[in-house]
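Chain by chain, the residues:
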Amino acid sequence: MADSFSLRNVLENFKSCLSDNKEVYIKYYISGWRELVSFMNSLGSVFSFISKDAVSKIQILENFLMGENGTHYLTVQSMVKYELDNELVDLTKRGSHPESGCRTLLRLHRALRWLQLFLESLRTSTEDSKTSVMCSEAYNASLAQHHPWIIRKAAGVAFCALPGRDAFFEVMNAGSHQEVVTLLGEALPLISEVYQITEDLYAKNKLLDLP
Ligand code: 1PZ
């Protein structure tokens, strides 16, 4: 394989995400997503409409982080506070802040729920399990409810192009099947914790339906 994706890198980034006082570092959050995107790209061009959207969202957040107000974008917590305090978020309909950090991160946050469900079903899968089925079940239970019909349709087509379970374990590039399963067992609690902290923060600030 041309690039050096490994599931381990994803794990490392999500591990680095949490600060001592349980804030979520945006830097590692987006690095985790970059790794996932490079993985997805290695699966073929059917997925490029998904990775394009993910990359553009990662880029928006990175621009904030590197920009003149970057110190406010160190963590998800500081971003939410900064953008809300300064009225930089379109709360009910898209207006003058269509690409706020808050609404952009929310899209990735919802996708993280998909990832969590998908990896969990991969971890507990058996030889006759189908990746396409696991993937679409995870999608229907998470992201799908936020997507219009046309995107759900396109996603369904892409899922059919997923490699089978054996090949999928292979491309995760983290050793034998058993080693991948073990690594997933370590990674999932971290991903879940990052997800839950973000979910609670967004719920508390009533940001879960940002347009
Ligand atoms: C390995 C298989 C990959 C399956 C990925 C499952 C996710 C399917 C998502 C399909 C989304 C397609 C395109 C664009 C959607 C956008 O409209 C939405 C909403 O954003 P808005 O329009 O409001 O700005 N974007 C999203 O929901 C973010 C989707 C990010 C998906 C990242 C997936 C990364 C997968 C890693 C694979 C291991």
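Higher on the page you've got the structure.
The text that follows walks through the structure, step by step, so that each part is easy to find.

This next bit is on the site of the ligand. Not every one of the 20 residues close to the ligand is listed here, only the nearest: Asp-53, Lys-57, Arg-103, Arg-107 and His-147. Between the ligand and His-147, the relevant distance is 2.8 Å, taken from an oxygen atom to a side-chain nitrogen or oxygen of the residue. For the ligand, the accessible surface in isolation is 830 Å², of which the surrounding protein chains cover 89%. Here the ligand occupies the largest pocket.

The next subject is the layout of surface pockets. Considered as a void within the structure, the largest pocket measures approximately 810 Å³ in volume. Met-40, Ile-50, Ala-111, Trp-114 and Leu-143 are, among the 34 residues lining the largest pocket, the residues nearest its centre. Within the residue set of the lining of the largest pocket, elements represented by two or more residues are α1 (7–16), α2 (26–42), α3 (48–66), α5 (101–123), α6 (131–140) and α7 (149–159). A per-element tally of the lining of the largest pocket places α5 first, with eight residues. Contributing to the lining of the second largest pocket are 13 residues, with Arg-110, Gln-145, His-146, Tyr-195 and Glu-199 lying nearest its centre. If you list the elements that add at least two residues to the lining of the second largest pocket, you get α5 and α9 (177–204). Looking at the lining of the second largest pocket element by element, the count peaks at four residues for α5. Split into classes, the residues belonging to the lining of the second largest pocket amount to five nonpolar, four polar and four charged.

Another point: the nonpolar core. When a protein is soluble and globular, its nonpolar side chains tend to lie buried together. If you look at the biggest cluster of nonpolar residues, it comprises 69 residues, and the most contacted ones within it are Tyr-29 and Met-79. Setting aside residues no more than four positions away along its own chain, Met-79 makes contact with Ile-26, Leu-61, His-72, Tyr-73, Gly-101, Cys-102, Leu-105 and Tyr-202.

Here is what the cut-offs are and how they apply
- Residues numbered from 1 in each chain as written.
- Predicted model: local features only at pLDDT ≥ 70, side-chain atom pairs only at ≥ 80, totals over all residues.
- Heavy atoms only, no water.
- Near = heavy atom within 4 Å.
- Polar contact = N/O pair within 3.5 Å; in protein donor to acceptor, adjacent residues only side chain to side chain.
- Areas by Shrake-Rupley, 256 points an atom, 1.4 Å probe, with all protein chains shown as cover.
- 1 Å grid on protein atoms, 1.4 Å probe; cavity = no way out; pocket = protein on both sides within 12 Å on 5 of 7 lines; lining within 4 Å.
- Sits in = over half its atoms within 2 Å of the grid points.
- Points joined across faces, edges and corners; volume = space filled by probe spheres on them.
- Helix = DSSP H or I, 4+ residues; strand = E, 2+ residues; numbered from the N terminus.
- Nonpolar A, V, L, I, M, F, W, Y, C, P; charged D, E, K, R; others polar.
- Core = buried A, V, L, I, M, F, W, Y, C linked by side-chain atoms within 4.5 Å.
- Buried < 20%, exposed > 50% of the residue type's maximum accessible area, 1.4 Å probe, protein only.
- Contact = heavy atoms within 4.5 Å.

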